[in-house]
Each structure stands twice: as C-alpha cells, then as structure tokens.
Amino acid sequence: MINSLKILVTALIACGLTTKVLSAEEINSDLVSNHAVFILNTLLFLIGGFLVMWMAAGFAMLEAGLVRSKTVTTQLTKNVALFSIAAISFYLVGYKLMYPGDSWWISGYLGPIFSVTVLEPVGPVVDQITALDSASVGSDFFFQLMFCATTASIVSGTIAERMKLWPFLIFVVLLTAFLYPIEASWKWGGGWLHEMGFSDFAGSTLVHAAGASAALAGAITLGPRLGKYKENGTITPMPGSNMPLATLGTFILWLGWFGFNGGSQLALGTISDAVDVSRIFTNTNTAAAGGSLAALVLTQVMYKKVDLTMVLNGALAGLVSITAEPLAPSIGGATLIGAIGGVIVVFAVPLLDKLKIDDVVGAISVHGVAGIWGTLAVAFSNGSLGVQIMGTASICIFVFVLSLLIWHVLDAIMKIRVSEEDELNGLDNSELGIDAYPDFSKS
Amino acid sequence: MINSLKILVTALIACGLTTKVLSAEEINSDLVSNHAVFILNTLLFLIGGFLVMWMAAGFAMLEAGLVRSKTVTTQLTKNVALFSIAAISFYLVGYKLMYPGDSWWISGYLGPIFSVTVLEPVGPVVDQITALDSASVGSDFFFQLMFCATTASIVSGTIAERMKLWPFLIFVVLLTAFLYPIEASWKWGGGWLHEMGFSDFAGSTLVHAAGASAALAGAITLGPRLGKYKENGTITPMPGSNMPLATLGTFILWLGWFGFNGGSQLALGTISDAVDVSRIFTNTNTAAAGGSLAALVLTQVMYKKVDLTMVLNGALAGLVSITAEPLAPSIGGATLIGAIGGVIVVFAVPLLDKLKIDDVVGAISVHGVAGIWGTLAVAFSNGSLGVQIMGTASICIFVFVLSLLIWHVLDAIMKIRVSEEDELNGLDNSELGIDAYPDFSKS
Amino acid sequence: MINSLKILVTALIACGLTTKVLSAEEINSDLVSNHAVFILNTLLFLIGGFLVMWMAAGFAMLEAGLVRSKTVTTQLTKNVALFSIAAISFYLVGYKLMYPGDSWWISGYLGPIFSVTVLEPVGPVVDQITALDSASVGSDFFFQLMFCATTASIVSGTIAERMKLWPFLIFVVLLTAFLYPIEASWKWGGGWLHEMGFSDFAGSTLVHAAGASAALAGAITLGPRLGKYKENGTITPMPGSNMPLATLGTFILWLGWFGFNGGSQLALGTISDAVDVSRIFTNTNTAAAGGSLAALVLTQVMYKKVDLTMVLNGALAGLVSITAEPLAPSIGGATLIGAIGGVIVVFAVPLLDKLKIDDVVGAISVHGVAGIWGTLAVAFSNGSLGVQIMGTASICIFVFVLSLLIWHVLDAIMKIRVSEEDELNGLDNSELGIDAYPDFSKS
C-alpha cells in the first residue's frame with residue numbers, strides 16, 4: 001500500500017512537473033508558442049526587409065525616369081552605389097550607433113564606432129537568444145539597414161544632373177554611418193525624443209524628412225541646374241526622359257512601403273500584431289491612393305491638364321504622410337492624410353522653384369514637406385502636437401545643418417559640382433562615359 | 001494517510017484540469033494553435049495581397065509597352081489612377097456590397113452603399129475577433145481590393161490610344177464600386193451562383209472575363225483606332241513601342257499571380273492548406289509556361305516567325321485559364337489547360353480584328369476568351385458544365401450590358417473619344433501634355 | 001479506500017497518457033508544433049520560390065539592357081521561353097532525376113525519365129505527409145524548379161546577338177531536363193559529391209558555374225559577334241542599349257537572391273532556422289554590396305571612370321560568390337567574399353575578350369569565375385579545399401563537355417548561328433520580325 005502510494009506520488013510529481021510546464025500562463029492551446037512568436041517576428045522582418053530593399057530599385061527607376069537621358073547612367077550608378085555603401089556603413093558603424101542599448105548617452109556614441117555588428121551564431125541553442133518575444137538580430141539588422149539606405153536614396157534625386165559622383169558617395173558614407181543612425185537613435189534607439197514621447201511609427205521624419213533635409217542642404221550648396229531659372233524669372237521645364245520608368249519606380253516604392261510600414265509593427269506573433277499589420281497595409285495603400293488622386297484632380301483643376309509626375313509624386317507623398325502613424329487612423333482617415341500629402345506636393349514643388357531651389361525629382365516636397373505633415377498629423381490620433389513639432393524640427397535641423405557643413409567641406413576639398421561644359425554635355429559623358437540609351441537618344 | 005490522499009487528490013484535480021485544457025480536441029502537440037492559424041491565414045492574405053497589388057504595375061508596364069509611344073504617358077496615368085480609384089471605391093462601397101453577410105438579398109444591396117468598411121480595432125483583444133479560423137478583416141479587405149483593382153486594370157488596355165482620361169476614370173469608379181462587387185458577390189459573397197454550385201476559384205470569370213466584358217463594351221462603343229482597319233480590308237499593324245516593358249509587365253503579372261491564385265486558398269493554418277497553396281503555386285506556374293510555349297510554337301508554325309507579343313499574351317492566357325481551378329488539376333493537367341489558353345489567344349486576337357473590334361493589347365482575348373475557357377474547364381475536375389456555362393454567361397452578360405449602358409451614357413454626356421486630330425497627335429499631347437520619352441521618340 | 005485508490009490510479013493513467021503526449025521531447029510550450037513546422041517550411045519554399053521566379057525577369061531585363069537594340073526582342077523571347085521550357089522539362093523529367101531517392105545509382109537515372117512529378121493529393125490527411133519536419137512536395141518542386149530555370153537563364157546572355165532562337169530552345173530542353181538535374185543530384189540529390197562532403201549551399205557551382213559552363217561551350221561553338229574582335233587586335237565596344245533595364249535587372253536579381261539563398265536553408269520551423277535564414281539574408285545583401293563597391297573603386301582606379309556595367313556585374317558576382325556558403329561567414333567575411341567576386345569580374349571580363357570569347361553580358365565571368373571562387377571559398381569556413389576543387393571541376397567539366405557536344409550536334413543539324421546578313425541587321429528582324437523599340441530606335 002505504502003509502496004503503491006510511493007509510485008502514485010512519484011507519478012504525480014512527474015505529472016505535476018508537466019502541468020507546471022503547461023500552466024495556463026505559459027502555454028494555452030489558443031496561443032502561439034514562444035518559438036513560433038520568435039519565428040513569425042523574424043519572418044515579418046525578413047519579408048518587410050526584402051520589400052524595403054526593393055524600394056532601392058524603385059528610387060533608381062523613379063530617378064532614372066525623371067532625369068534627362070544624358071544623366072541617366074550616372075543616376076543609376078549613384079543609386080546602386082549608395083545602397084551598397086549603406087549596407088557596409090550600417091554594418092561597420094550605423095547599427096550599433098543607432099541601437100546603443102543601455103549605454104545610450106556617452107558610450108553609446110563612442111563605443112559603437114569601434115565595434116561592428118555581430119549576429120547570433122549559426123543555428124543557436126535557445127539560451128543564446130536574448131528575448132524569445134523579439135526577433136533574430138540578423139533580421140532586425142537587415143530590416144533596419146533598409147531604412148538607412150532609404151534615407152540616402154532620397155538625397156540622390158534632388159541633387160541629380162549636376163553633382164559629381166564621388167562627393168555624393170562620400171556624403172552617403174557619412175549620412176549612413178553617422179547622421180541617420182544618430183538622429184534615428186533619438187527615437188528608435190530609445191533616446192531623448194523617445195523619452196519625451198515623440199511618435200514616428202515608421203519614419204515620416206526619421207527617414208523621409210531627414211533624407212529630404214540632407215537633400216535640401218545639397219540643393220542649396222549646389223545651386224540650380226544651368227538654365228533652369230532664367231534671369232527674366234521664367235522656369236525652364238526639364239522634363240524627365242522616361243515616364244514608364246518613373247511610373248515603375250513609383251509602383252515599386254508603393255509595394256515596398258507595405259514592408260516599410262508593416263514591418264515597423266516589429267512583431268507578428270500574436271493575433272493583435274497580425275490585425276495591426278493588416279491595418280497598416282490597408283492604410284498605407286489607401287493613403288497612396290488618396291495622394292495620387294488628390295494630385296490628379298488638383299493638377300486638372302489648376303493646370304487644366306493632369307500631370308503624371310505630380311500624380312506619381314502625389315502617391316509617394318501620400319505614402320510618406322501616413323508613415324508616421326499608419327496604424328491608428330481609420331481607412332477614411334488614412335485616405336485623407338494621404339490626400340493632404342498629395343495636395344501639399346502640388347503646391348510645394350512650384351514653391352521650391354520660386355525659391356530657386358532646384359529639386360530635380362521633387363524629393364524635398366515629397367519626403368520633406370509631406371513627411372513633416374505626416375509627423376504632425378500624428379497629433380490627431382496620439383501624441384502631442386508640441387512634441388511632434390519639436391521632434392520634427394530637431395531632426396530636420398540636425399540633419400540639415402550637418403549636411404550643409406559636410407557639403408561645403410566636400411566642395412572646398414574637391415568641388416562637388418561638375419564643370420559647366422560637363423553639365424551641358426551630360427554627366428554620363430563626363431563622369432562615366434557610358435550612354436544610358438546609346439542606340440536612340442538624341443542627345 | 002488520509003492527509004496524503006487529500007494532497008494526492010488535490011494534485012490530481014490540478015493535473016486533471018491541465019489534461020482538460022490539453023484534451024485531444026482542444027490541443028494536440030501536432031496541431032497549430034488557434035492563434036497561429038489566424039496569424040498564418042492573415043499572413044497569406046498580406047503576402048497574396050502585396051503580390052496582386054504588384055500586378056497593377058504589371059498591367060501598367062504591359063500596356064505602356066504595347067501602345068505606341070505617343071500615348072504611353074496617358075496609359076500610365078490611367079493605370080495609376082484606376083488603381084487609386086479602386087482603393088477608395090472598394091472602401092466606400094464595394095467591399096460591403098460584395099460581402100453583405102447574412103442579409104444578402106435586399107439590405108445586402110442597399111445597406112452597404114451607406115456604410116464604409118471598418119476594420120478591427122487596433123491591437124484587439126481576442127474576443128473581438130469573430131472567427132479565429134479566419135483572418136483579420138484588414139488583410140481580407142486588402143486582398144479582395146486587389147482583385148477589384150485587377151478587374152479595372154483589364155479594361156484600360158483594350159480602350160487605349162483613343163479614349164479620354166476622365167470618362168475612363170468615371171467608368172472605373174462605377175466598375176469598382178458597383179459592377180465588380182455585385183457580380184463577385186454572386187459567388188464569393190455567398191450569392192445565388194454560389195448556392196447553385198458555380199465554381200470559380202480565383203476569378204477566371206469573376207475577375208478576368210468580367211473585366212474583359214467591360215473592355216469589350218468599351219471597344220465597341222469607341223470603335224477602332226483611326227486607320228486600324230482600312231476600307232480594303234487590310235489591317236494596319238500598330239506595333240507596341242517598348243517590348244522590354246511589355247515583357248517586364250508579363251513577368252510581373254506572372255509573379256503576382258502566385259498571390260492571386262495562392263491567396264485564394266484563403267487559409268494557410270493547416271498542413272492541408274499549406275499543401276494546397278503549394279499545388280496552386282505549381283499549377284499556376286506551369287499553366288503560364290504551357291500558354292507561352294503553345295503560343296510560341298503556334299506562331300512559328302502559322303506565321304513562320306515567333307511573335308513575342310503572342311508569347312506574352314499566351315503566358316497570360318495560361319494564367320487566366322488556370323485561375324478558375326488552380327488546385328485540382330495535376331501538373332500535367334494544368335499545363336494542358338494553360339496551353340489551350342495560349343492556343344485560344346493566337347486565334348482570338350485575329351478573330352477580333354476580323355470583327356473590327358480594336359483591342360489594343362489583346363485583353364479581351366487573354367482575359368475574356370481564355371477566362372471563359374478556364375471557367376468551363378473546371379467541369380473536368382469538379383462542378384457541372386451547365387452551371388459553369390450559366391455562371392459565366394450571367395456574369396459576362398451582366399457586366400457587358402451595364403458597361404455598354406455606362407459607356408453610352410458617358411459618351412452622350414461628355415464624349416468619351418478624343419478628336420481625330422488629338423488621336424493622330426497622340427493622347428499624351430492632347431490629354432496630358434507630357435511626352436513619355438521626350439529625348440528620343442520620333443513621334 | 002481501495003476504491004479511491006482505483007479512481008486515483010485511473011486518473012493518473014489518464015494524466016500519465018496526457019503527460020506522455022506532452023512529454024518534454026514531443027511537445028514543449030516553447031516549441032513550434034509539428035504541423036506549424038511543416039507549414040513554415042513550406043512557406044519558406046513558397047516565398048523563396050516566388051523570389052527566385054522573379055529572377056527570371058531579372059535576367060530578361062539585364063540581358064535586354066546589355067544587348068544592342070536590334071536584338072532586344074529576341075533576347076526577351078529567349079528568356080520567357082527558357083523559363084517556360086524549364087517548368088515543363090523539370091516536371092516531366094528533371095525533378096525526379098535530381099531527387100532519385102534511395103535508388104540513386106541505376107534506377108535513379110532510368111526510372112525518372114519515364115515518370116513525371118506527382119504532388120500530394122489535394123487537402124491531404126496527415127498520414128499522407130511523409131515527413132512533418134519537411135515541407136510539401138509542391139513547394140519543394142516549385143522552389144527547386146526555379147534553380148533549374150536559373151541555370152538556363154545564365155546561358156542566354158552569353159550567346160546573345162548571334163544564335164538562332166530554336167537551337168537555343170532545344171539546348172534549354174536538354175539542359176533543364178538532363179544536364180542540370182544530373183549534376184545537381186550529385187550533391188542535392190544525395191549523390192557521390194554529397195557523400196564525399198562537397199559543400200555548395202545554394203549553388204555557386206551547381207547552378208551558377210554550371211550555367212556558365214554551358215554558356216562557355218556555346219560561346220566557343222558560336223564564335224564572337226561579327227566585328228567584335230578586329231584583326232589588328234582591337235576590341236570593338238558594343239554597348240548595351242538600355243542601362244536602366246540592366247540596372248533594374250540587377251536589382252531584381254539582388255532581391256530574388258534572398259529567396260535563392262534564404263530558401264536554401266530549407267526550413268523555417270525552428271528558431272535556429274529563423275536565425276540562420278536571417279544570417280543568410282544579411283550576408284547575401286552585404287556580399288552584393290561588397291562586389292559592387294569593389295568593381296566601382298577598381299574601375300575608377302584602373303580606367304579613371306566608373307563603369308556601371310561593371311558595378312552591376314560586380315554586385316551579381318558578389319551574390320554568386322556568397323551563394324556557396326551564405327550562412328557561416330560573419331557580415332565582414334561575407335562582404336569580403338563578395339568584394340573579391342567583384343574584383344574577379346573586373347579582371348575576368350577583359351581576359352575573356354583577350355581570349356576572343358565573346359560573352360555579351362559577362363555571364364561567364366559573373367556566374368562562372370565568381371561561382372568557382374565562391375565554391376572554393378567555402379573551405380575557409382567548412383569543407384576541404386580538395387573536395388571543393390574536385391566537386392567544382394567535376395560539375396564544370398561535365399556540363400561543359402556535354403554542352404559542347406550538344407551545341408556541335410545542333411550546329412551540324414540546323415546551324416545554330418544566324419547568317420552574317422541577319423546578324424548585321426539584327427536578330428529581331430530576321431528571327432522575329434518585331435522591333436523592340438519601333439518608335440525610336442536608330443537601327
């Protein structure tokens with residue numbers, strides 16, 4: 001009898017251990033297992049990451065379509081090179097600078113410069129994963145890198161057709177290794193803007209307005225293209241050479257933006273996250289639709305003819321606008337936020353021309369002005385307008401001032417602008433010696 | 001002793017509770033948890049949705065490549081705008097019209113017009129999810145929207161080079177808010193065709209033949225392009241301006257179709273669903289291969305030279321053909337169904353020309369004739385031929401008649417066709433004032 | 001008392017049964033369920049597969065951009081057709097030839113030729129799945145097919161501008177039905193190279209160097225394009241007609257490569273796999289970045305001007321180089337492996353020109369030389385250099401010799417090269433009769 005009880009107790013202890021493992025809090029037949037959460041979060045970063053990587057191609061096509069045929073090869077080269085540079089800068093410096101961890105203040109700035117990104121070991125055992133409710137370091141690095149690269153992509157379009165290749169590439173090194181990671185860390189690295197309650201879901205300001213600020217500094221330093229602004233006040237149209245490419249680029253960006261905003265949910269391991277990512281996809285799409293239609297209607301009303309480049313930039317402005325808060329708005333709200341972005345672009349592009357700031361593809365209007373609008377619009381749903389203004393201003397001023405400094409230093413060292421003759425002949429001739437369309441370009 | 005037993009019993013009750021939670025029906029170590037099913041289903045819709053969204057770019061590139069260079073910008077504008085319009089129409093009216101829920105008949109038609117789509121709240125608690133074996137509303141809306149947009153994309157190619165921008169866009173509003181959602185609800189909304197057993201897995205008829213019916217009505221209303229059909233009976237070839245774009249568009253559509261058909265499995269949370277989605281991917285791919293090779297061989301045999309545009313349309317016809325039933329056939333069967341689609345296109349395109357119906361990109365043949373073929377071919381594996389014929393006929397006639405009516409009303413109000421002079425100069429000049437290729441187009 | 005014990009024992013048995021089902025080894029609240037593992041593995045193949053399918057478009061665009069405008073339509077036709085042929089060849093013969101299962105030696109070669117690929121039945125019950133730790137047959141077939149098609153894509157670029165359409169397509173049939181599946185089975189089918197410990201993660205040699213070997217045999221058989229190598233030793237530059245297309249193609253390939261290498265992990269159902277796939281994504285990206293920047297800097301240093309086509313081929317060479325082992329290296333190591341790939345291409349391209357081997361797009365250098373480099377570089381992290389050399393040599397020689405034989409037989413039967421007049425007029429004229437750019441091409 002005692003013996004039987006002994007067996008029973010032993011069995012019960014075993015049974016008890018099992019029930020402990022499977023207690024309601026630790027496992028529930030409804031819930032996703034811890035490992036599955038980790039895998040799904042990682043998968044979201046990987047899918048989001050490859051979609052945002054695809055945006056690099058979108059910028060390349062958009063810009064190649066909007067510049068004149070004599071600078072297309074240079075524009076393409078800049079886009080491929082800036083993406084490659086971002087990959088290496090972010091690995092060597094940027095990622096650790098952006099996510100300094102606990103030591104955010106001092107060592108957060110000094111330490112990372114001397115250490116590179118290290119991923120988890122191959123096929124890790126569970127206890128090497130720091131947080132099962134997170135995602136793999138590799139997927140996080142991959143995803144975040146693409147945001148860094150996007151910031152640089154924004155710059156290349158504005159300063160097209162007159163800037164030399166190499167000064168641009170050197171600027172990209174500094175932007176992707178230092179400028180972007182530092183300002184992005186203020187929010188996403190848990191820095192002072194984060195502590196103040198600044199809200200920027202996927203980077204209307206941290207990525208887009210920041211990139212536009214760097215671009216603006218470049219455009220001011222460079223000055224406009226030869227002949228763009230005549231002395232008599234007229235503006236010479238310099239139409240893009242390939243509308244299908246510009247449209248393709250816009251569609252690529254539109255597609256990639258699902259990864260940009262959706263991946264910024266950072267998690268897919270719970271039904272809440274799945275619902276939220278779905279909201280974000282829908283809102284992102286409808287904001288682009290609102291932006292493009294607003295520009296379509298507005299250009300028809302204002303100029304009596306629809307302007308495709310405005311429609312494309314309107315869609316992009318809608319996407320930029322919703323990026324600061326793609327989750328909270330209803331579909332209708334998101335459409336409206338995007339539509340206002342589209343309206344902004346239709347007014348901002350000619351305004352910049354009046355200021356004689358020559359932004360070849362309209363990136364300052366699309367990513368800068370609409371980015372600021374989107375960041376401030378967060379105040380409608382969550383966050384305070386004051387904090388939003390302060391955050392946006394801090395980042396834009398920080399990036400603009402340092403960029404202006406860098407552009408001027410580069411100009412002093414190596415002259416960032418090509419000669420007049422080279423500009424008139426086209427950068428493809430002077431900088432690269434390869435025509436984009438040797439068989440059929442007039443130029 | 002009694003005491004020990006008490007402890008034992010208490011422990012057993014706890015143990016028993018645990019075993020209850022983990023009973024075979026509620027949880028099984030093999031099965032996927034309820035929440036994971038919901039997440040995986042949602043993920044399928046999101047991935048499928050972004051792939052089908054990408055098809056909008058495919059149509060834009062295909063059509064931009066197949067029209068003459070003087071109407072490329074207009075064609076691109078139409079494609080971007082129609083996609084944007086679909087997003088907003090489907091949100092405002094279409095989605096609720098298409099899925100009226102229980103109240104399918106009367107209130108199903110009147111109610112939705114006055115209510116917009118509402119998603120789940122942000123980060124919902126579990127009890128706000130209506131069905132854990134389903135997917136998030138946002139992901140479903142996102143996915144279904146793309147089908148609605150695809151229907152409109154099919155129309156734009158056929159009526160290219162002669163229709164004004166604005167009447168086309170007004171038509172798209174009506175098509176995406178009413179026509180498509182109503183006929184699609186007959187099957188996918190649980191309507192009368194669904195009850196009769198009509199089978200159309202991913203929309204060979206509901207999407208493709210429906211879009212082609214609207215396009216046919218447009219082509220008939222518009223008449224052919226100037227000079228296309230000479231009085232002496234000869235047909236003037238009007239070759240597409242950019243074969244790489246047309247090919248790129250085809251590849252984009254091919255890629256997007258994995259989302260189109262694969263996502264239409266609607267679920268990925270069980271191994272059965274995973275196996276089925278895999279079958280669908282394989283069959284979709286092989287049907288496209290069959291279609292393109294059939295057109296390749298047939299044009300070689302019939303015309304002694306391979307015709308790339310036919311090869312591309314053959315691939316698309318293969319994809320359209322397999323869309324009504326991409327799951328049931330074997331790989332060989334799917335290849336054959338696709339190949340017959342390819343053959344159909346090679347014969348349908350010149351036949352339409354003989355009827356003097358000017359379909360600029362071949363969309364009526366590809367999406368209409370091959371779509372009908374695919375829907376009828378379902379009878380080989382499941383479903384009755386009679387019901388398939390009735391369903392296909394009902395939808396095509398419904399869309400065709402209403403579209404014809406709309407086109408004529410629009411024509412009466414605002415004339416849908418550009419002037420002869422504008423057509424000869426090209427729509428890019430008259431409608432938009434932006435050349436697609438200003439640097440190197442002859443025209 | 002006895003009674004109570006009876007109840008207790010009964011309860012304990014029930015409890016014990018449960019604990020058995022849920023024993024630590026079979027289920028753990030942390031672990032992913034067996035079915036979820038199967039679904040996630042399948043999902044990885046499907047995502048990986050559609051990304052690699054997209055590479056077919058990448059090759060088409062890259063090659064269309066790098067050939068002269070008078071052969072663009074032919075180049076596009078070849079690319080669409082080869083992908084379609086691969087789909088059907090691999091279904092009819094290749095897949096079963098490549099994975100002969102247990103009967104690898106004799107029946108492995110004879111059996112498959114008479115049996116086609118059969119997928120799991122629709123909606124299978126669990127016991128029809130052979131291995132829950134694997135993935136669906138459909139997803140595996142879909143994924144592996146894309147590798148087979150990639151091998152053929154590599155060939156088309158090298159032999160461009162002078163080979164007839166039909167002999168090329170016949171070669172593709174043989175390559176995708178027999179040559180590729182046989183050599184790939186040596187490693188991935190569990191064949192003799194696998195048994196010897198040869199290591200080629202995603203196919204630097206099995207896919208890329210193999211494709212390049214077939215291309216080299218074709219280039220030698222064909223001879224160079226007319227006028228390419230002048231008698232006085234000078235080499236006539238024949239610049240590609242469309243740099244944006246070439247760049248787009250490169251970005252597409254770069255994107256697709258995440259599927260190519262990431263999917264080759266073959267599993268996503270454990271956190272180890274998720275971490276590994278993340279490492280692979282990051283390393284793949286950084287290798288491309290390293291390759292493109294190496295080529296950028298090197299062409300600047302060597303030729304005083306950056307060469308975009310070299311930058312693009314450098315990125316591709318980086319991708320090819322890391323393909324044999326994208327998992328083990330650190331990010332820095334992967335960057336270096338890719339960069340060396342980029343350097344190799346800058347030297348290999350002019351070297352082939354010196355040997356008067358006319359490789360129109362540089363595929364032999366990119367996929368062949370860099371592929372061999374990548375395969376040998378595996379020895380740094382795992383595997384023996386001797387075995388790597390033997391495996392690489394075996395595969396390259398096998399494919400090269402058989403390809404040379406096939407090209408010569410085809411040449412004897414039907415002449416594989418177009419006439420001089422047709423070559424000068426352009427293949428689009430002679431082979432297809434469709435201009436790629438009828439509205440604006442000079443030629």
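Before reading further, recall that the structure is shown in the block above.
The structure reproduced in this document is the subject of the present report. Everything quoted here is computed from the prediction, not taken from an experiment.

The next point concerns the interface of chain A and chain C. The partner chain C presents 70 residues to the 78 residues of chain A that form the contact. Summed over both sides, the interface between chain A and chain C buries roughly 6,000 Å², with carbon and sulfur atoms accounting for 79% of that surface. For the pair chain A and chain C, the number of links is 11 residue pairs in polar contact (both at pLDDT 80 or more). Of all the secondary structure elements, the ones that give two or more residues to the side of chain A that touches chain C are helix H1 (2–21), helix H2 (34–66), helix H3 (72–98), helix H5 (137–158), helix H6 (165–187), helix H9 (243–262) and helix H16 (427–432) of chain A. Split into classes, the residues belonging to the side of chain A that touches chain C amount to 55 nonpolar, 18 polar and five charged.

Here we come to the packing of aromatic side chains. With the rule as written, the count across this model stands at 66 aromatic pairs over all chains. Taken together through their ring pairs, the aromatic side chains of Phe45(A), Phe143(A), Phe147(A), Trp188(A), Trp257(A) and Phe260(A) make up a single cluster. Sitting above the plane of the Phe168(C) ring, Lys78(C) keeps its charged end 5.7 Å from the centroid.

A few words on the environment of Gly49(A). Residue and element names in this part refer to chain A. With respect to the element layout, Gly49 can be found in helix H2. Between the C-alpha atom of Gly49 and that of Met146, which follows or precedes it by 97 residues, the distance is 6.5 Å. Contacts of Gly49, omitting those with residues within four sequence positions, involve Leu44, Phe142, Phe143 and Met146.

Two chain copies, one operation linking them: a rotation about an axis together with a shift along it. Each copy of the sequence occupies a distinct position, and chain B is placed on chain A by a rotation of 120 degrees and an axial shift of 0.0 Å, giving an RMSD of 0.0 Å. With respect to symmetry, the two chain copies, as superposed, fit the operation of a three-fold axis.

Glancing now at the interface of chain B and chain A. You'll often see interface size given as the accessible area lost when the parts meet. Across the contact, 79 residues belong to chain B and 71 residues belong to chain A. For the pairing of chain B and chain A, the buried interface totals around 6,100 Å² over both sides, and the portion due to carbon and sulfur atoms is 79%. It is Ile39(B), Asp439(B) and Phe440(B) in chain B that bury the most area against chain A; as a group they hold 11% of the surface buried on that side. The interface formed by chain B and chain A contains 11 residue pairs in polar contact (both at pLDDT 80 or more). For the side of chain B that touches chain A, the element with the most residues is helix H2 (residues 34–66) of chain B, which contributes 17 residues. Across the side of chain B that touches chain A, the residue classes tally to 56 nonpolar, 18 polar and five charged.

We now examine the packing of H2(A) against H2(B). Between H2(A) and H2(B), the shortest axis-to-axis distance is 13 Å and the interhelical angle comes to 5 degrees. By the angle class used here, H2(A) and H2(B) are roughly parallel. Only Ile39(B), Leu40(B), Leu43(B), Ile47(B), Phe50(B) and Trp54(B) of H2(B) make contact with H2(A), whose side of the interface consists of Leu40(A), Leu43(A), Ile47(A), Phe50(A), Leu51(A) and Trp54(A).

For the pair chain A and chain C, the relating rotation is 120 degrees, the translation along its axis is 0.0 Å, and the fit reaches an RMSD of 0.0 Å. Looking at chain A, a mere 19% of its interface residues are interface residues in chain C too, so the copies touch through different faces.

About the criteria used
- Residues numbered from 1 in each chain as written.
- Chains lettered and ligands numbered in written order.
- Predicted model: local features only at pLDDT ≥ 70, side-chain atom pairs only at ≥ 80, totals over all residues.
- Heavy atoms only, no water.
- Contact = heavy atoms within 4.5 Å.
- Buried area = accessible area lost by both parts, 1.4 Å probe.
- Polar contact = N/O pair within 3.5 Å; in protein donor to acceptor, adjacent residues only side chain to side chain.
- Helix = DSSP H or I, 4+ residues; strand = E, 2+ residues; numbered from the N terminus.
- Nonpolar A, V, L, I, M, F, W, Y, C, P; charged D, E, K, R; others polar.
- Phe/Tyr/Trp six-rings, centres within 6.5 Å; stacked < 30°, edge-to-face > 60°.
- Lys NZ or Arg CZ within 6 Å of the ring centre and 35° of its normal.
- Least-squares fit on C-alpha atoms with pLDDT ≥ 70 in both.
- Axes fitted to C-alpha atoms, helices over the stretch in contact; angles between N-to-C directions.
- Parallel < 35°, antiparallel > 145°, perpendicular 65-115°, else oblique.

Without other data, these values stay purely geometric and don't point to any function.
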